[in-house]
Amino acid sequence: MTLTATAGSADLPLEPLTELVRTWLPTRRWYPAKGTEAQLAVVATLLLDDEAVRIPLVRVRFGSVDTLLQVPLVLERLAPSATAPAHPSQPIDPDTVGRLGDLLLLDGTGHPAFLRAWLAAADGPDGRAPTDLDPTTARVITGEQSNTSVVLRRAGEELQAPAVGILKVFRTLAAGPNPDVDVPRRLVEVGWDGVPAPLGWLVGRWPDADGQLVEGYLGALSAFVPGARDGFELACELAGAGAPFDDAAGQLGTLIAGMHDALVRGFGAEPSAADDGDGAAGPAQVARQLEDRFAWAAESVPALQGYGDAVDGVAARVRALPDAPPRQRVHGDLHLGQVLRSADRWLVTDFEGEPLAPLAMRTRPDLAVRDVAGMLRSFDYAAAVGGLHHEAAHAWSGAARDALLARYDETAGTSLATGEGSSALLLTALELDKALYEAVYEQRNRPDWLHIPLAGLDRLLR
């Protein structure tokens with residue numbers, strides 16, 4: 001089913017609703033305009049098959065950003081004697097958005113009424129989403145930065161029973177395909193099981209900034225992975241205990257290579273010319289991006305001044321490459337925090353990328369080694385957060401790095417571990433690019449952590 005947005009209704013007019021969400025939204029972790037003077041307006045509403053459930057769409061504009069948020073609500077009609085908040089825009093509790101007349105507006109994402117209506121409307125691999133999930137036992141996952149996820153169990157099971165599904169409600173809406181839905185669906189279709197299985201998805205239509213009707217995903221339901229450990233937390237724990245990460249890293253190498261192969265089977269690949277004009281992944285573009293990244297980073301991080309010649313040398317070698325490996329669909333934001341460890345295997349999650357980045361940028365074909373670079377950089381962070389320093393950190397992350405590259409090469413037929421060939425050189429350039437970005441971030445936000453990307457630069461450039 002596809003939901004189509006309508007204007008406001010008599011019981012939930014747009015202007016008073018805008019005033020309510022203007023107060024409530026900045027208290028949400030996923031609100032993208034914290035600390036800014038943003039312009040907000042409820043522009044339309046999506047309806048599900050329950051009169052008590054509404055999904056207002058809120059346009060938020062700040063700086064150069066113009067984005068659309070969905071705010072699922074459940075409406076409860078109050079008795080005339082019910083006590084109202086001191087001010088209609090002051091929530092009674094964190095799950096209460098506010099009150100309009102005799103209607104109490106509740107955050108719908110974890111509410112059984114919203115979840116029941118969402119599941120009834122959603123499509124799935126067999127035509128519709130599962131019908132055996134119990135919205136009354138839903139648990140909202142706290143701490144997410146850009147979306148809201150809800151864990152669901154099967155109907156009739158005890159609360160102690162393992163969850164079977166996790167619904168991700170996309171807070172920021174984007175017209176067109178959504179990689180966090182379409183990529184896992186395609187990977188499963190081509191026979192790759194390294195992602196939690198997609199179980200359902202819901203599509204909506206709404207007016208864009210020009211009033212034209214557009215279509216995009218509202219949320220996605222996937223299989224819940226019981227007993228899963230966050231990859232970064234697991235790696236930090238092993239580093240803190242002085243235990244090696246080599247075997248797990250090797251399995252990650254096999255997983256990532258298998259993912260890249262499945263992405264090619266699912267989405268195809270295209271040649272990377274020496275000088276592609278679209279600014280993507282040809283050698284000239286990678287070299288230029290590295291030079292630009294260094295110039296930008298050196299302005300903010302004085303400690304980088306001594307690295308200029310070495311970075312220029314890598315850029316010159318990249319620019320001299322006659323060609324690059326084919327471009328293909330990639331994960332785009334791969335690191336230890338994007339993989340789950342369940343029993344004795346890894347699974348890849350979160351293909352969405354940066355929610356505020358343009359869809360074309362998030363789905364553009366790229367070099368597969370960009371994913372490898374992101375994972376390798378997170379090894380250095382796991383060692384540091386785990387409490388390792390200097391040579392101990394270098395040895396731990398280095399062994400993990402070697403294991404990942406060896407197993408990736410074994411599966412993909414590359415030679416990254418030996419440092420030979422164009423892919424290995426491009427990997428170095430992309431790791432440098434990411435380490436330079438990290439250096440600026442740490443200088444601005446966590447100066448005590450600046451040594452982590454600097455140590456990575458020393459290893460890559462020595």
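One finds Phe245, Leu252, Leu304, Phe379 and Leu404 to be the most contacted residues of the largest nonpolar core, which totals 75 residues. A total of 11 residues in this core trace back to one element, the largest contributor, which is helix 11 (residues 421-445). Residues within four places of phenylalanine 379 in sequence aside, it is in contact with Phe245, Ala249, Leu252, Leu336, Trp396, Ser397, Ala400, Arg401 and Leu404. Of all hydrophobic cores here, the second largest spans 31 residues; its members include Leu46, Leu115, Ala122 and Leu221.

Before going further, it helps to examine the sheet that holds strand 18 (residues 345-348). Judged by pairing direction, the sheet is antiparallel, and its three strands sit side by side in the order 14-17-18 without closing on themselves. Edge positions in the open sheet fall to strand 14 (229-230) and strand 18, since each of these has one partner strand only. As paired elements, strand 17 (residues 339-342) and strand 18 share four bridges and run antiparallel to each other. In the sheet register, arginine 341 faces strand 18, and the bridge partner there is tryptophan 346. Sitting on the sheet, helix 5 (residues 246-267) is in contact with strand 17 and strand 18, with an inclination near 45 degrees to strand 18.

Turning our attention to empty space enclosed by the protein. Tallied over the entire structure, the rule returns three cavities of 30 Å³ or more. Along the lines of polarity and charge, the residues of the lining of the largest cavity split into five nonpolar, three polar and one charged.

Direction of pairing for strand 3 (residues 53-62) relative to strand 5 (residues 73-77): antiparallel, over a ladder of two bridges. When the sheet's bridge partners are listed, valine 53 is paired in strand 5 with valine 74. In terms of strand pairing, strand 5 meets strand 7 (residues 103-107) through five bridges, oriented antiparallel. Of the residues in strand 7, the one forming a bridge with leucine 75 is leucine 105.

The rules behind these values
- Residues numbered from 1 in each chain as written.
- Predicted model: local features only at pLDDT ≥ 70, side-chain atom pairs only at ≥ 80, totals over all residues.
- Heavy atoms only, no water.
- Core = buried A, V, L, I, M, F, W, Y, C linked by side-chain atoms within 4.5 Å.
- Buried < 20%, exposed > 50% of the residue type's maximum accessible area, 1.4 Å probe, protein only.
- Helix = DSSP H or I, 4+ residues; strand = E, 2+ residues; numbered from the N terminus.
- Contact = heavy atoms within 4.5 Å.
- Pairing = 2+ DSSP bridges.
- Axes fitted to C-alpha atoms, helices over the stretch in contact; angles between N-to-C directions.
- 1 Å grid on protein atoms, 1.4 Å probe; cavity = no way out; pocket = protein on both sides within 12 Å on 5 of 7 lines; lining within 4 Å.
- Points joined across faces, edges and corners; volume = space filled by probe spheres on them.
- Nonpolar A, V, L, I, M, F, W, Y, C, P; charged D, E, K, R; others polar.

These values are about where atoms sit, not about what they do.
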